[in-house]
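Spelled out, the chains give:
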Amino acid sequence: DAGVTQSPTHLIKTRGQQVTLRCSPKSGHDTVSWYQQALGQGPQFIFQYYEEEERQRGNFPDRFSGHQFPNYSSELNVNALLLGDSALYLCASSTGSDTQYFGPGTRLTVL
Amino acid sequence: AQSVSQHNHHVILSEAASLELGCNYSYGGTVNLFWYVQYPGQHLQLLLKYFSGDPLVKGIKGFEAEFIKSKFSFNLRKPSVQWSDTAEYFCAVTTLSGGSYIPTFGRGTSLIVHP
């Protein structure tokens, strides 16, 4: 049983570019949440998707957007990248309970 | 809005020493509490969780945590640490909002255990 998977593992972009990160949830999970983890900090909630709709959103600008597909996989898009967007982006999946299972993350570096 | 404080940012212990990592949260309502661990090069893993019932919760690898509602605390303990416990430890709190549970994480505690 595969856990949560994310791609790519690492990514390097320049300021102003756009990036798309991908996540496949754990089998049987229908809810996907995205987090940003800056160096030396805990994960910060970006948003959560359920039934292909954004259900909750954290304190992140509209440059951060997402999508969930019918197979429950999800994408995180970030437009107009800033240096401060450099971080580890984590995807977590869950079902009706609130225990979330995390993927390995995508390390984004913005130059 | 809820917040989570982990007061120990860096902890260095020798093997067999006892461990206690502090976690305090600010939210007056019903909360669910978690401790996650991130071993070097690995992803976040659930260590233990508290939803209700016995406030003393036992998790994997000999860890336990005690929920003290009056102190808004959920401290993590282990009687005797091992070198393999070297990792980042994150406390998290969830509350029900808009039909879903969104965790708020503390900034983490880096634990280094010397052999």
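The coordinates are above.
Since this is a predicted model, take the numbers as computed values, not measurements.

A. Expanded view of the layout of surface pockets. Empty space within the largest pocket amounts to approximately 510 Å³. Forming the boundary of the largest pocket are 23 residues, of which Phe45(A), Gln2(B), Ile102(B), Pro103(B) and Thr104(B) lie nearest the centre. Elements that contribute at least two residues to the lining of the largest pocket include exactly strand S5 (44–50) and strand S6 (53–57) of chain A together with strand S10 (87–97) and strand S11 (100–105) of chain B. Broken down by element, the residue count for the lining of the largest pocket peaks at four residues, all from S11(B). Partitioned by chemical class, the residues of the lining of the largest pocket number ten nonpolar, eleven polar and two charged. As a volume, the second largest pocket reaches approximately 340 Å³. Lining of the second largest pocket is provided by 18 residues; of these, Gln37(A), Leu88(A), Arg107(A), Gln38(B) and Glu88(B) occupy positions nearest its centre.

B. Expanded view of the pairing of S5(A). All names here are of chain A. Of all the seven residues making up S5, five are buried; the element is thus mostly covered by neighbouring parts of the structure. Where strand S4 (residues 31–37) meets S5, six bridges bridge the pair, whose relative direction is antiparallel. Opposite Gln 36, over in S5, you have Gln 44 as the bridge partner. Following S4, the chain reverses through six residues before pairing antiparallel with S5; Gly 40 in that reversal takes a positive phi of roughly 80 degrees. Bridge count between S5 and S6: four bridges; the pairing is antiparallel. Paired with Gln 48 across the two strands is Gln 56, which belongs to S6. A loop of two residues connects S5 with S6, the two strands running antiparallel in sequence, and Glu 51 in this loop sits at a positive phi of about 50 degrees.

C. Expanded view of the interface of chain A and chain B. Chain A puts 19 residues into the contact, and the matching count from chain B is 21 residues. Roughly 1,600 Å² of surface becomes buried between chain A and chain B when both sides are summed, with 54% attributable to carbon and sulfur atoms. Counting across the chain A and chain B interface gives two residue pairs in polar contact (both at pLDDT 80 or more). Elements with a contribution of two residues or more to the side of chain A that touches chain B: S4, S5, S6 and strand S9 (87–94) of chain A.

D. Structural detail: the state of the cysteines. What the rule picks out here adds up to two disulfides over all chains. The side chain of Cys23(A) participates in a disulfide bridge whose partner is Cys91(A); the two sulfur atoms lie 1.8 Å from each other. Since a negative S-S torsion denotes a left-handed disulfide, the Cys23(A)-Cys91(A) link at about -60 degrees is left-handed. Of the two residues, Cys23(A) sits in strand S3 (residues 19–24) while Cys91(A) sits in strand S9, which places them 68 residues apart along the sequence. Across a sulfur-sulfur distance of 1.9 Å, Cys23(B) and Cys91(B) are joined as a disulfide pair. On the sign convention where negative is left-handed, the bridge of Cys23(B) and Cys91(B), at about -65 degrees about the S-S bond, is left-handed. Of the two residues, Cys23(B) is situated in the loop between strand S3 (19–21) and strand S4 (24–26) and Cys91(B) in strand S10; the sequence distance between them amounts to 68 residues. Taken as a pair, Cys23(B) and Cys91(B) share a single burial class, namely buried.

E. Local environment of the nonpolar core. Ranked by size, the top nonpolar core spans 28 residues in total, and within it Trp35(B), Leu48(B), Leu76(B) and Tyr89(B) carry the most contacts. Secondary-structure elements contributing two or more residues to this core are strand S2 (10–14), S3, strand S5 (32–38), strand S6 (45–50), strand S8 (64–68), strand S9 (73–78), S10 and strand S12 (109–114) of chain B. No other element matches S10(B), which puts four residues into this core. Once residues within four sequence positions are removed from consideration, Leu48(B) is found in contact with Leu33(B), Phe34(B), Trp35(B), Val57(B), Lys58(B), Gly59(B), Phe63(B), Glu64(B), Ala65(B), Phe74(B) and Leu76(B). Ranked by size, the runner-up nonpolar core spans 20 residues in total, among them Val19(A), Leu21(A), Ala87(A) and Cys91(A).

Definitions and limits used
Residues numbered from 1 in each chain as written. Chains lettered and ligands numbered in written order. Predicted model: local features only at pLDDT ≥ 70, side-chain atom pairs only at ≥ 80, totals over all residues. Heavy atoms only, no water. 1 Å grid on protein atoms, 1.4 Å probe; cavity = no way out; pocket = protein on both sides within 12 Å on 5 of 7 lines; lining within 4 Å. Points joined across faces, edges and corners; volume = space filled by probe spheres on them. Helix = DSSP H or I, 4+ residues; strand = E, 2+ residues; numbered from the N terminus. Nonpolar A, V, L, I, M, F, W, Y, C, P; charged D, E, K, R; others polar. Buried < 20%, exposed > 50% of the residue type's maximum accessible area, 1.4 Å probe, protein only. Pairing = 2+ DSSP bridges. Contact = heavy atoms within 4.5 Å. Buried area = accessible area lost by both parts, 1.4 Å probe. Polar contact = N/O pair within 3.5 Å; in protein donor to acceptor, adjacent residues only side chain to side chain. Disulfide = S-S within 2.5 Å. Core = buried A, V, L, I, M, F, W, Y, C linked by side-chain atoms within 4.5 Å.

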